[in-house]
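Working through the structure, step by step
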Amino acid sequence: MAQPVTLVLGLGRETGEAIARRFEDEGHRVLAADPSLERIEAARDSLDETIQFYHGDLSTKLGLRNAVTAAVEAYGRIDNAVVVPPYEEPDSLLDFTQEKFEKALGRTARGAALALRVIAEHLLDQEDLPETGVERKRQKGAITFILRYAAVSSMPGRFTDTVSQAAIQGVMRAGALELAQHNIRVNAIVSLRPSEERATPWSLGRVPLGRAVLADEIAAAAYFMASAETAFLTGQSLILDGGRSTLSGVLD
């Protein structure tokens, strides 16, 4: 049986690497793309040598098409995509600038919509892999966005980041409805990023499980969302917050 191919768009600080590693461990062929050459070189040193990389802009249609082309040239097809959008630096409503705000939305919300369209167009154009054995209804592909907790819950000083992440979640939901008729599933994972929790340990007092999420746990959730086990799941956000969203106030 042919190995499935997964495209990882964005490495983040460590989450993208963990996702690429998990899919490769599960037998997928993986290409990871990122606009930062420094991050790609760091990932290349830590990941299996079978994983391919693409360096280029991921916020434009041309850049995204080039990333898709790189994966197709390396492996012949794409079956899944995991998108790790960039995050925005802290700012407030009263001090953000219009130029910075518009640039942020261009990188994130517009970038997410373009990624969804470019990947979906390729999934629809390529032939399905042959079916073997008894399977659930075939999916053309799965696209999963990895979002920061700002997508569902904000805090002072994170204005642009909150708006951007929430906008990507809107792109995910609208895209899921548009693509459902084509058997392309679109979902999101919303989580407290590991690096964010280490940078703000005070927030652990608001997590019932008492610790930060691990990059490997985000990666495991991403693999689950792309698997046949979730063939009837689309337009949903899986929240990894250690129970934070159910807590009223803070822990003692």
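A short tour of the structure in this document, coming up.

Each value, and the rule that gives it
Residues numbered from 1 in each chain as written. Predicted model: local features only at pLDDT ≥ 70, side-chain atom pairs only at ≥ 80, totals over all residues. Heavy atoms only, no water. Helix = DSSP H or I, 4+ residues; strand = E, 2+ residues; numbered from the N terminus. Buried < 20%, exposed > 50% of the residue type's maximum accessible area, 1.4 Å probe, protein only. Contact = heavy atoms within 4.5 Å. Areas by Shrake-Rupley, 256 points an atom, 1.4 Å probe, with all protein chains shown as cover. Salt bridge = Lys/Arg side-chain N within 4 Å of Asp/Glu carboxyl O. Pairing = 2+ DSSP bridges. Axes fitted to C-alpha atoms, helices over the stretch in contact; angles between N-to-C directions. Core = buried A, V, L, I, M, F, W, Y, C linked by side-chain atoms within 4.5 Å. Parallel < 35°, antiparallel > 145°, perpendicular 65-115°, else oblique. Left-handed = near helix turned anticlockwise from the far one by under 90°. Nonpolar A, V, L, I, M, F, W, Y, C, P; charged D, E, K, R; others polar. Expected span 1.5 Å × (residues − 1). Arc of directions from axis to C-beta.

**Considerations on the overall build of the protein**
Check the secondary structure of the protein and you find seven helices and seven strands. Reading the protein from its N terminus to its C terminus gives the helix and strand order β-α-β-α-β-α-β-α-β-α-β-α-α-β. Of all 252 residues assigned to the protein, the portion counted as buried reaches 48%. Nonlocal contacts in the protein, meaning residues at least 24 apart in sequence, comprise 73% of its contacts between residues at least 6 apart. Total accessible area on the protein is roughly 12400 Å²; 54% of this is exposed by carbon and sulfur atoms.

**With respect to the pattern of salt bridges**
One pass over the structure, following the stated rule, counts nine salt bridges. Residues Glu121 and Arg117 are paired through a salt bridge, measuring 2.9 Å at the closest nitrogen-oxygen approach. Note that Glu121 and Arg117 are positioned in helix α4 (residues 98–125) at a spacing of four residues, about one turn of the helix. Given a relative accessible area of 30%, Glu121 falls into the partly exposed group. By relative accessible area, Arg117 is classed as partly exposed at 48%. A single salt-bridge network, built from bridges that share partners, covers Arg65, Arg117 and Glu121.

**Observations regarding unusual backbone geometry**
Here Asn183, not a glycine, exhibits a phi torsion of approximately 60°, which is positive. The topology assignment puts Asn183 in the loop between α5 (159–179) and β6 (184–191). For Asn183, a relative accessible area of 31% puts it in the partly exposed group.

**Here we look at the sheet that holds strand β2 (residues 29–34)**
Ordered in space as β3-β2-β1-β4-β5-β6-β7, the seven strands form an open sheet in which the pairing is parallel. In this open sheet, the two strands that pair with only one neighbour each are β3 (52–55) and β7 (237–240). Recorded for the sheet is a direction-independent mean angle of 15° between the axes of neighbouring strands. Across four bridges, β2 lies against β3 in parallel orientation. Within the sheet, the bridge partner assigned to Asp34 lies in β3 and is His55. Sheet contacts for helix α7 (residues 215–226): β4 (80–83), β5 (141–148), β6 and β7; angle to β6, the most-contacted strand, approximately 160°.

**Quick look at the nonpolar core**
Judged by nonpolar contacts, the single largest core of 40 residues is most densely connected at Leu9, Leu31, Ile119, Ile143 and Phe145. Only β1 (5–9), β2, α3 (61–75), β4, α4, β5, α5 and β6 provide two or more residues apiece to this core. Excluding residues within four positions of it along the chain, Ile143 makes contact with Ala81, Val83, Leu116, Ile119, Ala120, Leu123, Ile184, Arg185, Val186 and Asn187. With 26 residues, the next largest nonpolar core counts Ala18, Phe23, Phe53 and Met225 among its residues.

**Concerning the packing of α4 against α5**
The interhelical angle for the contact between α4 and α5, taken along N-to-C directions, is 20°, at an axis separation of 9 Å. Comparing the axis directions of α4 and α5 gives the class roughly parallel. The handedness of the crossing between α4 and α5 comes out as right-handed. Every residue of α5 that contacts α4 at Lys100, Phe101, Ala104, Leu105, Thr108, Ala109, Ala112, Ala113, Leu116 and Ala120 is listed here: Phe159, Thr160, Val163, Ser164, Ala167, Ile168, Val171, Gly175 and Leu179. The class makeup of the residues in the contact of α4 with α5 is 14 nonpolar, four polar and one charged.

**Some points on α7**
When the terminal C-alpha atoms of α7 are compared, their 17 Å separation across twelve residues agrees well with the 16 Å that a helix rising 1.5 Å per residue should span. Every buried residue of α7 is accounted for by Ala215, Ile218, Ala219, Ala221, Ala222, Met225 and Ala226. End-on, the buried residues of α7 take up no more than an arc of 160°, which puts them together on one face.

**Some words on α5**
A rise of 1.5 Å per residue sets the reference length of α5, with its 21 residues, at 30 Å; its end C-alpha atoms lie 30 Å apart and thus fit the reference within 8%. Looking only at α5, the buried set comprises Thr160, Asp161, Thr162, Ser164, Gln165, Ile168, Gln169, Val171, Met172, Gly175, Ala176 and Leu179. Buried residues along α5 sit in contact with α4, β5, β6 and β7.

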